[in-house]
Amino acid sequence: MRHAPTDDDEGKPVFNVDDQKIGIVARVSDGTAYIDPDPSIVDEYRVMLGWGDESKDVHPLPPDAIDEITDKEIRLRTSDA
C-alpha cells in the first residue's frame, strides 16, 4: 500500500471514506498531489483539507489526508484517523 503520490497518479480520482468522489489529481509536484475538486464537494471537506479559496483551479492534498493509493484511485482517511 502506497501513501506518497507520484507522477503516475495524475488523472486518478480521489475518494473520501464514504465513496464520494471529491476530485481528480490534476498534477503531482515534489510529492504533493494537486486536486481539481468536484464541484459538488461539500464545505466540510474543503475545510478539512485546508481548501478555503474556492477560486483556485487546483488544491494541494495534505499528505496526512491520504489513506492509500491504488492503481486506480486515491483514498482519503477519516478526519479522526
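Quick summary incoming for the structure in this document. (Residues numbered from 1 in each chain as written. Predicted model: local features only at pLDDT ≥ 70, side-chain atom pairs only at ≥ 80, totals over all residues. Heavy atoms only, no water.)

For the coordinates displayed, the defined rule picks out 3 salt bridges. Note that Arg75 is salt-bridged to Glu73, the shortest N-O span being 2.8 Å. Arg75 gets classed as buried once you look at its relative accessible area, which sits at 17%. Residue classification places Glu73 among the buried positions, given a relative accessible area of 18%. Here the residues in one salt-bridge network are Asp19, Glu73 and Arg75, joined through shared partners. (Salt bridge = Lys/Arg side-chain N within 4 Å of Asp/Glu carboxyl O. Buried < 20%, exposed > 50% of the residue type's maximum accessible area, 1.4 Å probe, protein only.)

Below, the discussion takes up the side chain of Asp9. Structurally, the position occupied by Asp9 is in the segment before strand S1 (13-15). At 2.8 Å, the side chain of Asp9 and the backbone nitrogen of Thr6 are in polar contact. The residues touching Asp9, leaving out its near neighbours within four places in the chain, are Arg2, Ala4, Val25, Ile69 and Ile74. (Helix = DSSP H or I, 4+ residues; strand = E, 2+ residues; numbered from the N terminus. Polar contact = N/O pair within 3.5 Å; in protein donor to acceptor, adjacent residues only side chain to side chain. Contact = heavy atoms within 4.5 Å.)

Moving on, we come to the packing of aromatic side chains. By the definition in use, this model includes 0 aromatic pairs. Between Arg27 and the ring centre of Tyr34, over which it is positioned, the NZ or CZ distance is 4.4 Å. (Phe/Tyr/Trp six-rings, centres within 6.5 Å; stacked < 30°, edge-to-face > 60°. Lys NZ or Arg CZ within 6 Å of the ring centre and 35° of its normal.)

In short, geometric facts, not functional conclusions.
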